[in-house]
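A closer look at the structure
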Amino acid sequence: MDALQLPSTFQQISASALVSAIALALVSWTIYQRFFSPLAQIPGPLCARFGVGSWLSSRALRQDMGWMLFAEHEKHGAVVRTGRNTVSICDPSAISEIYRYGSDFAKTSFYTFFAASPGTLMSTLANRDHSEKRKAQSPAFTMTLLVELEELVDSCLDDLVALFDREIASAAKKGSDSATIELAETLQLLALDVVGELAFGRSFKLCEAGTDTQAFLPMLVSFTFSACLAGTHAWAGPSLLLYSRFKLKARGAGALRERAIECVNERVKQQASGAEQRKDILAKLFTAKNPDGSLYSTKQVTVTAGSILGAGSDTTAITMRALLRYIIGDKKIYDKVMSEIEGAIEEGNLNFPLTYAEGTKLSYFQACLKETLRLHPAVPWTLPRVVPEGGAVLAGHFFPAGTEVAMSPFVVHRRPEAFGEDAAFFRPERWLEADAETKKVMERNLITFGSGSRVCIGKNISLMEITKVVPTLLHKYDFAFTPRSPSSPHTLPGRGVDGVFNEKEPWHVVSQFFAIQSEFFVDVKERAV
Ligand code: HEM
């Protein structure tokens, strides 16, 4: 034998041995996942059952989570395997088991990416660490403080109304009796201004400028998209973050962190100058205490304020858009909401600027808001938790410790076992007609803000803001969806929150961590009052 041929033959043998070993390992892995893993009996998409590929990462990339997960549950029932070690559950009985106060189910590593800086409430995984932080920060989010901060929301709303008026005046100059306004961006400018007022000491004045002068929107889109994608495979998180940044051509967490630092530093300077301090969430955060009694450091305050920027504007804007869409899109509902508002004004129960207390008495409007939170939850993604030591029985299945279990507000809210046979329909009356017991169950099954100890800390801020803003806009202006036509400003096809393409939809929705709408064009006229 030629001595020179020996190494190349050897190389060929060892290369094919390596390929065979890898193939064997892969086959054994998929056989184990499909037939022997503790989750082997749980149905789901094929790639999840074989433990290969990543169904969840695909959902994050394609931004179709809500409707794809809903379809899997329609096909397979209450429990669906979504990955090697991940399961989605939509049986409402599991809500209290997984999310209740005092539960041992910790958050999964998915959440570590949902923070511009480590250490936020949202990204704290262990329940005990979380409860200490939550106790320290809760005074900044009380209802009492919130009521005192209403005026701050009023001044942002004034800027929004002035923006609408400018648009209408400019349309009138061109001979049109209505202005076409893109509500998706406009309502987020308002939500950001409010976050600025409450958490950063001043409005960002985006509504006044009529545009996103500080480039918050691309930063927030990049932050959420990349956090959600990275969270689906925490071990590959840093590469997925880089990939997202490249794909979206925008910085997310880093940019958000820098903005938070700038704003809080400005406030620290003001404090140092001895200027009178305003009352707001930021002021309360400066008085928050650690478990050892020490005050929150500037860094801790910055991290917390930054998290409000990340968590508080998209969510509120999504809900305001959805509420307006449901109301404007159905003449009967629109008429009913308007007659309730006008009736309350006539009876002297409603004045402008509208207070939160007055707005909560608009019972039909509040039912529309509840129904919007149900059918268009801002977060359609699942809220994942780790099964604690000893395992758990959920929806009739035993899951060993370490399994990642999760429930999606979007899916749960559309299931008949949670909201009745008409769960798929927008029917505000369900909240008004239900007897006390049924209403209690429906409230428990409504997980738009999460549930239990990790429930959204900003829930009341959003509800207050939406309750003040939406009736005010409806009272001042007439709204109609801008019809799609070759000359209309739409560039994307109509797609609803359920993922169905339909040219009658006034917007285009994607369903990733957030169910974000874009191109929500409406024709707005001043209303004869
Ligand atoms: C309609 C508006 C909102 C929706 C639908 C919403 C939704 C949620 C959900 C689903 C969670 C729980 C996540 C989980 O358990 O896995 C959450 C947590 C949180 N939200 Fe909101 N949110 C909204 C508004 C806000 C606002 C305005 C703020 C800030 C002012 C905020 C700050 C937070 C924070 C800090 C957490 C973490 C709480 C904790 O773990 O203790 N959210 N939110």
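Residues numbered from 1 in each chain as written. Predicted model: local features only at pLDDT ≥ 70, side-chain atom pairs only at ≥ 80, totals over all residues. Heavy atoms only, no water.

1. Considerations on the sheet that holds strand 5 (residues 385-386)
Rules: Criterion used throughout: strands pair if DSSP finds at least two bridges between them. Segments assigned H or I by DSSP are reported as helices when at least four residues long, segments assigned E as strands when at least two residues long, and all are numbered from the N terminus.
Spatially, 1-2-8-5-3 is the arrangement adopted by the five strands of the open sheet, whose pairing is mixed. The open sheet is flanked by strand 1 (79-81) and strand 3 (106-107), the only strands paired with a single partner.

2. Topic: the site of the ligand
What counts here: When at least one non-hydrogen atom of a residue lies within 4 Å of a molecule or strand, that residue is treated as near it. What qualifies as a polar contact is a pair of N or O atoms within 3.5 Å, subject to a donor-acceptor requirement within protein and to the restriction that residues adjacent in sequence count only when both atoms come from side chains. Residues are sorted three ways: Asp, Glu, Lys and Arg are charged, Ala, Val, Leu, Ile, Met, Phe, Trp, Tyr, Cys and Pro are nonpolar, and all the rest, Gly among them, are polar.
Around the ligand, the structure places 26 residues, and the nearest of them are Tyr111, His130, Arg134, Arg385 and Cys456. His130 is positioned with one of its side-chain polar atoms (N or O) 2.5 Å from an oxygen atom of the ligand. Contact distances for the ligand include 2.7 Å between an oxygen atom and a side-chain N or O atom of Arg134. Of all the elements in the fold, those that place two or more residues in the shell around the ligand are helix 6 (127-137), helix 15 (298-328) and helix 23 (459-476). By residue number, the principal contributor to the shell around the ligand is helix 15, which donates six residues. For the shell around the ligand, the residue count by class is 13 nonpolar, nine polar and four charged.

3. Notes on the sheet that holds strand 9 (residues 477-481)
Inclusion rule: Axis definition: a line fitted to C-alpha atoms, over the contacting stretch in the case of helices. Angles run 0 to 180 degrees between N-to-C directions. Every residue pair with non-hydrogen atoms within 4.5 Å of one another is taken to be in contact.
Taken in spatial order, the three strands of this open sheet run 4-12-9, and their pairing is antiparallel. A strand with exactly one partner marks an edge of an open sheet, and here the two such strands are strand 4 (179-182) and strand 9. Direction aside, the axes of adjacent strands within the sheet are offset by 35° on average. Across the sheet, helix 9 (residues 183-199) lies against strand 4 and strand 12 (521-526), angled at about 65° from strand 4, the strand it touches most.

4. Looking at the packing of helix 8 (residues 150-173) against helix 23
Formally: The sense of a crossing depends on the near helix, which, turned anticlockwise from the far helix by less than a right angle, makes the crossing left-handed and, turned clockwise, makes it right-handed.
Running from N to C, helix 8 and helix 23 cross one another at 30°; their axes reach a closest spacing of 11 Å. Seen from above, helix 8 lies across helix 23 with right-handed handedness. Here Glu150, Val153, Asp154, Leu157, Leu160, Val161 and Phe164 of helix 8 come into contact with helix 23, specifically with Met464, Glu465, Lys468, Val469, Thr472, Leu473 and Lys476. For the contact of helix 8 with helix 23, the residue count by class is eight nonpolar, one polar and five charged.

5. With respect to the side chain of Asp523
Mapped onto the secondary structure, Asp523 falls in strand 12. Polar contacts involving the side chain of Asp523 include one to the side chain of Thr180, which spans 2.9 Å. Residues contacting Asp523, with those up to four places away along its chain left out, are Ser178, Ala179, Thr180, Asp478, Phe479, Ala480, Phe481, Thr482 and Pro483.

6. Section: the packing of aromatic side chains
The criterion, for reference: Ring pairs shown here join Phe, Tyr and Trp side chains whose ring centres sit within 6.5 Å, with only the six-membered ring taken for Trp; geometry is labelled stacked below 30 degrees between planes, edge-to-face above 60, and tilted in between. A ring is scored as having a charge over it whenever the NZ atom of a lysine or the CZ atom of an arginine sits within 6 Å of its centre and within 35 degrees of its normal.
Counted by the stated rule, this structure contains 15 aromatic pairs. Three or more aromatic residues link up through ring pairs in this structure, and these residues are Phe110, Tyr111, Phe114, Trp381, Phe513 and Phe514. Stacked on the ring of Trp55, the Lys or Arg Arg59 has its end atom at 4.9 Å from the ring centre.

7. Remarks on the coordination of the iron atom of the ligand
Threshold: Each metal's donors are the N, O and S atoms found within 2.8 Å of it, except that Na, K and Ca use a 3.2 Å limit; water is left out, so coordination can look incomplete.
Within the protein, just one atom coordinates the iron atom of the ligand: Cys456 (SG), at a distance of 2.3 Å. Of note, Cys456 is situated in the loop between helix 22 (436-445) and helix 23.

8. Considering the pattern of salt bridges
How we decide: Salt bridges are counted wherever a side-chain nitrogen of Lys or Arg sits within 4 Å of a carboxyl oxygen of Asp or Glu.
In total, this model carries 25 salt bridges according to the counting rule given. Salt-bridge contacts for Lys331 lead to Asp335; the nearest nitrogen and oxygen are separated by 2.7 Å. With a gap of four residues between them, Lys331 and Asp335 both fall in helix 16 (residues 331-346), about one helical turn apart. Linking Glu429 and Lys336 is a salt bridge whose minimum nitrogen-to-oxygen distance equals 3.1 Å. With Glu429 in helix 21 (residues 429-433) and Lys336 in helix 16, the pair connects residues that are 93 residues apart, well separated along the chain.

9. Some points on the pairing of strand 4
Put simply, the rule reads: Only protein chains enter the accessibility calculation, which uses a 1.4 Å probe. A residue is then buried if its area is under 20% of the maximum for its type, exposed if over 50%, and partly exposed in between.
Taking every second residue as pointing to the same face, the buried face of strand 4 carries Ala179 and Ile181, while none of Thr180 and Glu182 on the other face is buried. Taken together, the four bridges between strand 4 and strand 12 define a ladder with antiparallel strand orientation. Residue pairing for strand 12: Glu182 is matched across the bridge by Phe521.

10. Observations concerning the UniProt feature "transmembrane region" (unreviewed entry) in the chain
Where we set the bar: UniProt positions are given in the numbering used here, feature names are shortened, and annotations may be inferred rather than shown by experiment.
Per the UniProt record, "transmembrane region" (unreviewed entry) is found at residues 12-32. For the annotated span residues 12-32, helix accounts for 100% and strand for 0% of the residues, and the straight-line distance between the end C-alpha atoms is 30 Å.

11. Considerations on a nonpolar patch on the surface
Here is the rule: Patch membership requires more than 30% relative accessible area and the absence of a salt bridge. Residues of like charge join within 9 Å; the nonpolar side chains Val, Leu, Ile, Met, Phe, Trp and Tyr join within 5 Å. All accessibility values rest on the Shrake-Rupley procedure with a 1.4 Å probe; residue burial counts only the protein chains present in the view.
A cluster of nonpolar side chains, Val27, Ile31, Tyr32, Phe35 and Phe36, forms an exposed patch at the surface whose accessible area comes to about 510 Å². Mapped onto the elements of the fold, Tyr32 is located in helix 1 (residues 5-36). What makes Tyr32 partly exposed here is its relative accessible area of 39%.

12. Observations regarding the state of the cysteines
Such a bond, covalent and formed between the sulfur atoms of two cysteines, is termed a disulfide. Rules: Disulfides are defined as cysteine sulfur pairs within 2.5 Å.
Within this structure, the stated rule accounts for zero disulfides. Free of any disulfide, Cys47 has its nearest neighbouring cysteine sulfur in Cys228, separated by 16 Å. On the basis of relative accessibility, which here comes to 27%, the residue Cys47 falls in the partly exposed class. Unpaired in terms of disulfides, Cys263 finds its nearest cysteine sulfur in Cys156, a separation of 14 Å. Residue class for Cys263 comes out buried when judged on its relative accessible area of 5%.

13. Some words on the environment of Gly254
Checked against the element boundaries, Gly254 lands in helix 13 (residues 253-272). A sequence separation of 138 residues divides Gly254 from Ala116, and the C-alpha atoms of the two residues are 6.4 Å apart.

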